[in-house]
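Residue-level structural notes
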Amino acid sequence: MGANEDWYEWHRPYDDPGSPLAARLAVVQRHITDWLDSRPGELLTCVSACAGQGRDLLGVLERRDDARRVRARLIETDARNVAAAEAHIARAGLTGVEVLRADAGDPVSYAGAAPADLLLFAGVLGNVTDADARACVTAFRSLCATRGTVIWTRTRHPPDLTPAVRGWLAGDGFEELTFEAPPNATFSVGVHRLTVAPRPLAAGRMFTFVR
């Protein structure tokens, strides 16, 4: 992650219901809920890259009676965010969720957890170079299981990269389930499902934060 951003303080706008970050969180959580509802009764796996405090996934699971059927790994480097996520997990009794303090740009961090049924890439593609964003999307096919879903976010500040991201996914065997770009906000949320077999994850860094 970048050295210039305080990623613990970055989370504070989540507590303001009127903030763009809180609005984006609500959209991501809605799609996580829809994904769980679309696969009732299944034992499911999830990986969240640069998970921060894990509010997106944990906020959904803590409200569900079937949370125990989900096994998840949150990958995060900031020690304070890791501690916050672990405290949230303990309060909610989410025994199937682990937090790994590690670099989500390193493929080694996904060993034993991917390919997963759900891949969360929220807050990543907007903090890396365009070349690294392309590398991330290439890696999605390795990190998602067959029929696996990826939920990703990206701002639409000019130059808007989201059309390219959607095209990359379509060309790599992903079906677009939805793409939300609220007219009163700059964030967008994409939901895509892998329709082909996953491929082995290539060695080498996937991305480095530039903030």
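As recorded by an unreviewed UniProt entry, the protein chain carries the name Methyltransferase and is attributed to Catenuloplanes niger.

In a regular helix each residue adds 1.5 Å, so 14 residues correspond to 20 Å; helix H3 (residues 79-92) covers 20 Å between its end C-alpha atoms and thus fits that length. Turning to H3, its buried residues are Asn-81, Val-82, Ala-85, His-88 and Ile-89. Along H3, the residues classed as buried sweep out an arc of 125 degrees about the axis, all on the same side. In H3, the exposed positions angled more than 90 degrees off the buried face are occupied by Ala-90 and Arg-91.

In this section: the pairing of strand S5 (residues 144-155). Summarising burial for S5: nine of the twelve residues are buried, a large majority. Pairing of strand S4 (residues 116-121) with S5, which is carried by five bridges, proceeds in the parallel orientation. Bridge pairing in S5 places Leu-119 opposite Val-150. Once the chain exits S4 it traverses helix H4 (residues 130-143) before rejoining the sheet at S5, and the crossover so formed is right-handed. Across seven bridges, S5 lies against strand S7 (residues 187-194) in antiparallel orientation. Counted as the bridge partner of Thr-153 is Val-189 from S7.

What counts, and at which threshold
Just so you know, the residues in each chain are numbered from 1, in the order the chain's sequence is written. Selection of residues for local features in this predicted model requires a pLDDT of at least 70, selection of side-chain atom pairs for listing and counting requires 80 or more, and totals for whole chains, interfaces and linings are taken over all residues. Only hydrogens and water are set aside; all other atoms, that is, all heavy atoms of the structure, feed into the side-chain values. The secondary structure listing takes helices from DSSP runs of H or I that are at least 4 residues long and strands from runs of E that are at least 2 residues long, numbered from the N terminus. The span one expects for a helix is its residue count, reduced by one, times 1.5 Å. Only protein chains enter the area calculation, which uses a 1.4 Å probe; residues under 20% of their type maximum are buried, those over 50% are exposed, and those in between are partly exposed. Note that the arc is computed from the directions linking the helix axis to the C-beta atoms. When DSSP finds two or more bridges between two strands, those strands count as paired. The crossover handedness rule: strands pointing away from the viewer, path from first strand over the helix to second strand clockwise, crossover right-handed.

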